[in-house]
Each structure stands twice: as C-alpha cells, then as structure tokens.
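Here is how the chains run, residue by residue.
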Amino acid sequence: MTSQWRDLLPQAAAASSLDISSDASARAAQFEALRAGSFVSLASDTGLIAVNGADAAAFLHGQLTNDVERLSAAQARLAGYCSAKGRLLATFLMWRDTSAEATLYLACDADVQAAVQKRLSMFVLRAKAKLTDGTATHVLLQVGGPAAEAVLANTFASLPAAALAAVHATLGDAPTSLIRLPDAGTARAGSRFLWSVPVARAAEVWDALTQAPGLVVVAPALAAWLDVHSGVARVTTATQEQFVPQMVNWEVVGGVNFRKGCYPGQEVVARSQYRGTIKRRLHLAHVTGTAPAPGQELVETSDPDQPCGMVVQAAPAPNGGYDVLVEVKLAARETDDVRLGSADGPALSFMALPYEIIDPTEAPASPAVAS
C-alpha cells in the first residue's frame, strides 16, 4: 500500500496495521462478516498496473498466458506472466475500463508489481503501449454483503452477476470498475467484489461504506482468508519462478488460453499440458502453529530430506491456525502425511477446493472461474 493511500484513508490504514490477535471479539466479528455478512477491506496487498495506448491489448496478448485482445469490458480474466522457462513471475486479475483510453488494468501482488511492471516495459519496444502505476490513480477495495451492495448501487446501474464479470461507471470524471471475484466455496455465503475507486473519490467512498449499517471493516490479513479459499493462487516474491501454471491449477481456473498463440514460456506450458503428466497441484489445507510463509517447504514424514511442495499463500483461520494454499506432489498428497517445514512440523489437514480439477483442453472450465 502506498503512502498516498495511507494519507487518503487513515482509517483503512489503521485497519491494515491492526494486530488481529489482540482483540478476540473484533476478530470474531470480522470473520463473521466475511462468512455471511457485509464487509469492506482495503486491498493493501494488491498492486495495480495500468496499460494505455493503441497497441496495449496486442502487446499484453503477446506477453501473458490468456487472451487479452478479445477481453471485453464486461468481463475480467485471470492471466499469468511467465519466464522463458514457463515459470510464473506474476499472476494477474485483468480488466479494461470503458473510458476513452480503454485502459487495461493488471492487479497482482503488491510486492512484485514494480519489478514486473519494469520487466514488461522493457519489451514494449516500438509498440504504442505505456505501463504506469495504477495505484497512483485508483484504490482497490474488497467488499461484499447486502450493506456494501446498497452502497455500490449508488454508483453502478447493476452489479456483476457471475464470477469474473465486470461493470463500469464514473465517479466524478474518473472511471471506476467493479469485478465479481471468484467463489470462495463454503467460506462465504455470498458474493464479493473488487472495487477500483478513483483516488479523488476514495475518502468519500470509504466513508459511505463504513457508515453503512451492519458493515464491518475487515483487516486485509483476515480478508485474505477468502482469497485462499477461492483456490486462485497469487504469486509473490517468495514464489516467483517456482511454478509452471499447471502446478498451481492456473489452467483450471481459466488463467491459461491454449489457443491464443505465443507468449514467454508458452512452449513449456503447452508441453506440460499435452505431452506430460502433471505431477504437482495446488491444494487447500489447514495447519496449526506459527504462521506459514509463502515459499516455505513441505515434506513427507517418510522422506523428510526431499521437499514435496511449498506454501503458496496463507491466512489466519476463524478457529485458530491457518488455512493455506500449497503446491504438493500428487503422490505425497495421496499419503495424506504432509508436514510444514520438517518431519516433526505441524501436519496439513487437506480440504476440498471450490472447483474440480478439469483439463480445459478437454472440458469447459468451471462456471465459477470461467474466462
């Protein structure tokens, strides 16, 4: 989160830095809002890249794992950015607004944004495309529940009805977008949205949301619990270049288009899909003990000297411990004896993802995450 956001939204910044372990009742109220109530949370862990220019879509189409040229304003898509070896450098949620410039936005992990933006910019060459820091113009909020939807209805004529659908409006003279986020399974009873709010109207929007009856301000560290339960992986600094997209189910959730043509690492990704057997997958699990860190290794008790996977994301769970997305060898998952860090580390208790593992080259992607 930039210092500008802290200046604009001091209450949100305070919520971002809240010690969520110090007040059990506040923590419980926030989790209840996430599960079945109304909430707002500053997406302080999310960076935003804005891409403008006549060749913006064509340029990104040749760099990312998904189709950008056919991305309509009515939808958002997941996409990855790979190294030449087919390893993910970043994962994006992307959309385009309906302004005269038709700006394309790439939301990614805040810690990788600057480096990825710089790397992408190096390949623009003669294309008419310019990448800028989208957090200079927009603040990202995650919202959900009836009280939040009542506030949203003051800006948007309708709300997105399906996952990864997008709607747009203007606040003042600036564009604003609302994207319905992927389903978080049984972790949440209702829908949730990512709202891209113009900086000039951020304080006004925040006040309207926080004054809505029944709406709870949720610390970003707790709101991340829904992201974990969506099963949509986020690549961070600690996990860059660790995964071919299939290792984190990226093709299953609609983040890879196998018909779009070339992009960095495309041959490796395609070979993994068509010529190889995918031996590692993303799983949802629960673990106790100290907070797991992205990139932390996992081992089997029977073979503790050889890592069998790693932590991708982690978030505090409502009843203690942490819920995690982990990349694990399928053979190790079948033993159901995977531990964090070492053979005597805490054991992972696996849970069901909110989607089935279906090969998108053979069957349609799940409607919850279709692109």
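In this text, all values refer to a predicted model and were calculated from it rather than measured experimentally.

Moving on, we get to the overall build of the protein. Looking only at helices and strands, one finds 10 helices and 17 strands in the protein. Over its C-alpha trace the protein gives a radius of gyration of 20 Å, about what one expects of a compact globule, namely 21 Å for 371 residues. Projecting the C-alpha coordinates of the protein onto the three principal axes gives extents of approximately 60 × 55 × 35 Å. Element-wise, carbon and sulfur atoms account for 51% of the exposed surface of the protein, whose accessible area totals about 15,300 Å².

Further remarks concern the pairing of strand S5 (residues 104–109). Of all the 6 residues making up S5, 6 are buried; the element is thus mostly covered by neighbouring parts of the structure. Alignment of strand S2 (residues 46–52) against S5, held across 6 bridges, turns out to be antiparallel. Bridged to Val 51 within S5 is Leu 104. Judged from the 4 bridges that link them, strand S4 (residues 88–96) and S5 form a sheet pairing that is antiparallel. Bridge pairing links Leu 93 to Ala 107 in S5.

What follows concerns the packing of helix H3 (residues 24–36) against helix H8 (residues 220–230). It is the contact of H3 with H8, at a shortest axis distance of 10 Å, that shows an interaxial angle of 35°. Of the two elements, H3 crosses H8, and the hand of that crossing is right-handed. Between H3, through Arg 27, Gln 30, Phe 31, Leu 34 and Arg 35, and H8, the contact on the second element is made entirely by Leu 222, Ala 223, Trp 225 and Leu 226. Its residues placed into classes, the contact of H3 with H8 shows 6 nonpolar, 1 polar and 2 charged.

Turning our eyes to something else, we now look at helix H9 (residues 266–274). The periodicity of an α-helix, 3.6 residues per turn, causes residues three or four places apart in sequence to face the same way. Among all positions of H9, only Val 269, Ala 270 and Gln 273 are buried. The buried residues of H9 occupy an angular sector of 95° when the element is viewed end-on, so they sit on one face.

Next up on the list: the layout of surface pockets. As a volume, the largest pocket reaches approximately 770 Å³. Along the walls of the largest pocket sit 39 residues, with Asp 45, Ala 224, Asp 227, Arg 234 and Gln 313 positioned nearest its centre. Partitioning the lining of the largest pocket into residue classes produces 27 nonpolar, 7 polar and 5 charged.

What follows concerns the sheet that holds strand S16 (residues 338–340). Spatially, the 6 strands line up as an open sheet ordered S16-S13-S14-S15-S12-S17, and their pairing is antiparallel. In this open sheet, the two edge strands, each paired with only one partner strand, are S16 and strand S17 (349–351). Sheet twist, expressed as the mean angle between neighbouring strand axes with direction ignored, is 40°. Those strands touched by H8 are strand S12 (280–287), strand S14 (309–316), strand S15 (322–329) and S17, and its axis lies near 130° from that of S14.

Definitions and cut-offs
- Residues numbered from 1 in each chain as written.
- Predicted model: local features only at pLDDT ≥ 70, side-chain atom pairs only at ≥ 80, totals over all residues.
- Heavy atoms only, no water.
- Helix = DSSP H or I, 4+ residues; strand = E, 2+ residues; numbered from the N terminus.
- Rg over C-alpha atoms; globule rule 2.2 N^0.38 Å.
- Areas by Shrake-Rupley, 256 points an atom, 1.4 Å probe, with all protein chains shown as cover.
- Buried < 20%, exposed > 50% of the residue type's maximum accessible area, 1.4 Å probe, protein only.
- Pairing = 2+ DSSP bridges.
- Axes fitted to C-alpha atoms, helices over the stretch in contact; angles between N-to-C directions.
- Left-handed = near helix turned anticlockwise from the far one by under 90°.
- Contact = heavy atoms within 4.5 Å.
- Nonpolar A, V, L, I, M, F, W, Y, C, P; charged D, E, K, R; others polar.
- Arc of directions from axis to C-beta.
- 1 Å grid on protein atoms, 1.4 Å probe; cavity = no way out; pocket = protein on both sides within 12 Å on 5 of 7 lines; lining within 4 Å.
- Points joined across faces, edges and corners; volume = space filled by probe spheres on them.

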